[in-house]
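# Topology and contacts: notes
Here are the chains, one letter per residue:
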Amino acid sequence: MVALGFGTFARADRIFALERITGEERGDGRRTRVWIDGISDPLIASRTEATILRDMGQEAAVVGPELDEALDLAARLAAAAEEGRVDLSDLGRRARRLLASTTGSAAAPGKAE
């Protein structure tokens, strides 16, 4: 059994493809297309492909949660910029936290805390 999110599970011998949903299609519980053996159309999962892969025991195939966090931050920044509302203090704080989690340093390069 593989959890697809919001109480949806798939039971199959093979999940043969995961595809990240991007652009305007993504959102409102739509994160990943999941192709399952025996089902002709993909199921839509509310969980990311990385989370599904980890649940399937495929940790080596997952780049890491930092990439998902960075992509989520970039998507939210782009949406906020389009709406004309960008909080640079919050953006800077989040970026420093993300950089620190990947490099082990407390601050972004060139920035002292």
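Position numbers for residues count from 1 along each chain, tracking the sequence in the order it is written. Whole-chain, interface and lining totals are the exception, using all residues; otherwise, since this is a predicted model, local features are given only for residues with pLDDT of at least 70 and side-chain atom pairs are given and counted only at 80 or more. Side-chain measures here rest on the full set of heavy atoms in the structure, leaving out hydrogens and waters.

### What about the nonpolar core?
Our working definition: Buried residues of nine kinds, namely Ala, Val, Leu, Ile, Met, Phe, Trp, Tyr and Cys, make up a nonpolar core once their side-chain atoms join them within 4.5 Å. Burial classification: accessible surface area is computed with a 1.4 Å probe over protein chains only, and a residue below 20% of its type maximum counts as buried, one above 50% as exposed, and the rest as partly exposed. Runs of E in the DSSP output that reach at least two residues are strands. Runs of H or I that reach at least four are helices, and both are numbered from the N terminus. The contact criterion used throughout is that any non-hydrogen atoms of two residues lie within 4.5 Å.
Core analysis: the largest hydrophobic core is formed by 8 residues, namely Val 2, Leu 4, Ala 10, Ile 15, Val 34, Ile 36, Ala 45 and Ile 52. When residues of this core are traced back to their parent elements, those giving at least two are β1 (2-5) and β4 (32-36). The contacts of Val 34, once residues within four sequence positions are left out, are Leu 4, Ile 15, Ala 17, Leu 18, Pro 42, Leu 43, Ala 45 and Ile 52.

### A look at the side chain of Thr 32
Rules: Polar contact is the term for a pair of N or O atoms within 3.5 Å; when the atoms are in protein, one must be able to donate a hydrogen and the other to accept it, and sequence-neighboring residues count only if both atoms are side-chain atoms.
Along the chain, the position of Thr 32 falls in strand β4. Side-chain polar atoms of Thr 32 contact the backbone oxygen of Arg 47, separated by 2.7 Å. Sequence-distant contacts of Thr 32, that is, excluding residues within four places in its chain, are made with Leu 18, Glu 19, Ile 21, Leu 43, Ile 44, Ala 45, Arg 47, Thr 48, Glu 49 and Ile 52.

### Considerations on the pairing of β4
Note the cut-off: Pairing between two strands requires that DSSP report at least two bridges joining them.
Of all 5 residues in β4, 4 are buried; the element is thus mostly enclosed. Pairing of β4 with strand β5 (residues 43-45) involves 3 bridges; the strand directions are antiparallel. Counted as the bridge partner of Thr 32 is Ala 45 from β5. The hairpin formed by β4 and β5 contains 6 residues between the paired strands, and Gly 38 there has a positive phi angle of roughly 95°.

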